[in-house]
Amino acid sequence: MRDASLKVMNRTLLSLIVAFGPLAAQSPPPLLSESGAALFPAISSDGRWLAYSSSRDGSAFLHLWLRPFPDGEARKLTWGSFGNYEPAFSPDGRTLAYRSETNGGGVYLLPVDRGRPRLLARGGRRPRFSPDGTRIAYWSAPSGLFLIDAAGGRPRAVQAGFHSAQDPVWSPDGTSLVFAGCKDASPESCDWWVASINGGEAVATGAARLFRQHHFIAQPSPDLWLASANAVVFTARTVEMTRLWVLNLIADPWRAGETARRLTSRDTDERHPAFAADGRIVFASRSESIDIWSLQISSNRAKPKGKLHRLTNDPSIDQRPSLSLDGRKVAWETSRGGNFEVWVKDLESGQEKALTNGPLREHMPALSRDGSRVVYDTHDGEKVTVFAAPFHGGDPAKVVEESVGQGSFQWADGGESVLYFHRAPPGTVGLLNLSTGRRTVLLRHSRLNLSLADARLSPDGRSIAFPVPIGPHRSRLAVARLSGKVIEDERDWTYLTPERFNASQPEWSPNGRWLYFLSDQTGSPAVWAMRMSRENTLQGTPRLILDFPNALRTIAEMRPRDSGLSVAMDKLALGVTEYRGTLWAVRF
């Protein structure tokens, strides 16, 4: 609860900074501030040009722009209805490599002097030119790291034996790559690794130990490898915010230095560092707005109808939506007022209001399928109380009170019970009767524990789908048939998704024939659906329902549980983040 409160306070502070600007006495002016977002800076090696992604012309998508560095008139380089970002200059400054979401996404090359873009590597992400300009390193999901000639040709896999590998960065002499990777599915195998481009075993640097000491959230990736003291600049997220850090690498054998240090002293979000010839690090400072969005869809046929539509619009955090079956009402949790509360909205009339308003965190709302009631929980330290309240307001009814967490509810049994999660080890999922408070355990597993919170019952109540953890912040989906006995062994369920990509937040279609979920199988999180047989087997291949081809609007950096996913007859809803950005510079 304390971490959540700190997060809300920091986002409130960030909103004030964005609204009123940094105080001149505390910070120099920004390098580049525009009406739209300015993100992903890149500096040519001669220091003459700045490339970056922006929506400065009012576009709904990020496009590449070029201007003299440090000041001058900007020129647009890319167009279209897809995002373009992660630019990198060739050493001679004549070509940009970048990630574009065009035609399914990949690495593109673009001559700076008004040329046409050319697809270099389908599916590729975050390209980086070698110091001599002859090759480009990139990564793709779920395949890993690759090298490709800048002139084109067949890509060559690098360290193909890794379970996961991403974000390669060249050493200053061009002989090695440092990257973030995991040897296998265990968190203990994850580290920063250095690999020779000529082959051989990658060397673990031990950086993961330092990351744990600094309490970074998830393993960060390297961004820049500078010749000065073999310094690697990277961005890392803590409870407060994402900021720039520096870590030295020591050779023979490659290993991390004794400590990592902050590169800046600002208290704002920092990312996408780029090195300038004058010794400065240029980076983007981001602000964000998290709201509930919906997509019109024929959910029983997994057929989208139209574009993403905003349901809430507030500077505070709006997340974890829950729709009524007919799609006419929605409940969600919000930080409006400085503390998480439950709000509801009638989507036909547009009227919205707070269902709760107290000093405690009240969250994880679940709207009944007929839209008449909302169940949620309230946290008071370790004490958690479950309440059920009318949608239109009124006194809530206390269902149960305990000293363990609940949450991630789903209505079942025609409104008599809700699917609940009980986090006291071993983690359990079951039915909680709203009238009697009686529990019926359905699923239990000591190793899975918290991941079970996102389990979902099929509409006929005969099956349960849930995520199974396979690594740090990664899971695969499984389904089990309910037979009257507690499901607690892997032999009792069937896996629906492979280990090679992340899958979470299962949600059944109203007719139970489609299972919707969030997955990064194309490299970034998106909404997918898989057709299910009556025997709980996958029919055909998963179908992409809602992608985010634009870095301005995405779910990529939200926890899947916070983004949430709710499916009604005519729409789906989830929490989505929109970003704005300003470019800054700091002396290295």
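Attention in this report is confined to the structure presented alongside it. Computed from a prediction, not measured in an experiment: that's the story for all the values here. (Residues numbered from 1 in each chain as written. Predicted model: local features only at pLDDT ≥ 70, side-chain atom pairs only at ≥ 80, totals over all residues. Heavy atoms only, no water.)

Some details on the overall build of the protein
- Helix and strand counts for the protein come out as three helices and 47 strands.
- In summary, the protein has a C-alpha radius of gyration of 24 Å against a globular reference of 25 Å for 588 residues, a match within 12%.
- Here the C-alpha coordinates of the protein stretch approximately 70 × 50 × 45 Å along the principal axes.
- Burial statistics for the protein: of 588 residues in total, 57% are counted as buried.
- In the protein, the proportion of contacts linking residues at least 24 apart, taken out of those at least 6 apart, comes to 44%.
- Accessible surface computed for the protein: about 24,900 Å², of which carbon and sulfur atoms make up 49%.
- Charge separation in the protein, taken as the distance between the mean sites of 71 positive and 61 negative side-chain charges, equals 4 Å. (Helix = DSSP H or I, 4+ residues; strand = E, 2+ residues; numbered from the N terminus. Rg over C-alpha atoms; globule rule 2.2 N^0.38 Å. Buried < 20%, exposed > 50% of the residue type's maximum accessible area, 1.4 Å probe, protein only. Contact = heavy atoms within 4.5 Å. Areas by Shrake-Rupley, 256 points an atom, 1.4 Å probe, with all protein chains shown as cover. Lys, Arg positive; Asp, Glu negative; His and termini not counted. Charge placed at Lys NZ, Arg CZ, Asp CG, Glu CD.)

Quick notes on the nonpolar core
- Formed by 21 residues in total, the largest nonpolar core has its most connected members in Leu-39, Ile-43, Leu-50, Tyr-52, Leu-62, Phe-69 and Leu-583.
- Residue assignment for this core shows that the elements contributing at least two residues are strand E1 (38-43), strand E2 (49-54) and strand E22 (280-298).
- Looking at this core element by element, the count peaks at four residues for E1.
- Excluding residues within four positions of it along the chain, Leu-39 makes contact with Tyr-52, Ser-53, Leu-62, His-272, Ala-284, Arg-286, Leu-552, Arg-580, Gly-581 and Leu-583.
- Trp-293, Tyr-516, Leu-546 and Leu-574 belong to the second largest nonpolar core, which has 19 residues in total. (Core = buried A, V, L, I, M, F, W, Y, C linked by side-chain atoms within 4.5 Å.)

Details of the pattern of salt bridges
- Here the structure, examined in full by the defined rule, presents 33 salt bridges.
- Asp-314 serves as the salt-bridge partner of Arg-336, at 3.8 Å between the closest nitrogen and oxygen. With Arg-336 in the loop between strand E26 (329-334) and strand E27 (341-346) and Asp-314 in the loop between strand E24 (309-310) and strand E25 (318-323), this pair connects stretches of sequence that are 22 residues apart. Asp-314 shares its class with Arg-336; the two are buried. (Salt bridge = Lys/Arg side-chain N within 4 Å of Asp/Glu carboxyl O.)

Considerations on the pairing of strand E9 (residues 125-129)
- With five of five residues buried, E9 lies mostly within the body of the structure.
- By the bridge criterion, three bridges tie E9 to strand E10 (residues 135-140) in an arrangement that is antiparallel. By the bridge assignment, Phe-129 is partnered in E10 with Ile-136.
- If you look at the hairpin formed by E9 and E10, you'll find five residues sitting between the two strands, and Gly-133 has a positive phi there, around 80 degrees. (Pairing = 2+ DSSP bridges.)

Section: the sheet that holds strand E7 (residues 106-111)
- Taken in spatial order, the four strands line up as E5-E6-E7-E8 in an open sheet, and their pairing is antiparallel. If you trace the sheet from one side to the other, it starts and ends with strand E5 (84-89) and strand E8 (118-122), each paired once. Sheet twist, expressed as the average angle between the axes of neighbouring strands with direction ignored, equals 30 degrees.
- Relative to E7, strand E6 (residues 95-100) runs antiparallel, the two being bridged by six bridges. Across the sheet, the residue bridging to Thr-95 is Pro-111, located in E7. (Axes fitted to C-alpha atoms, helices over the stretch in contact; angles between N-to-C directions.)

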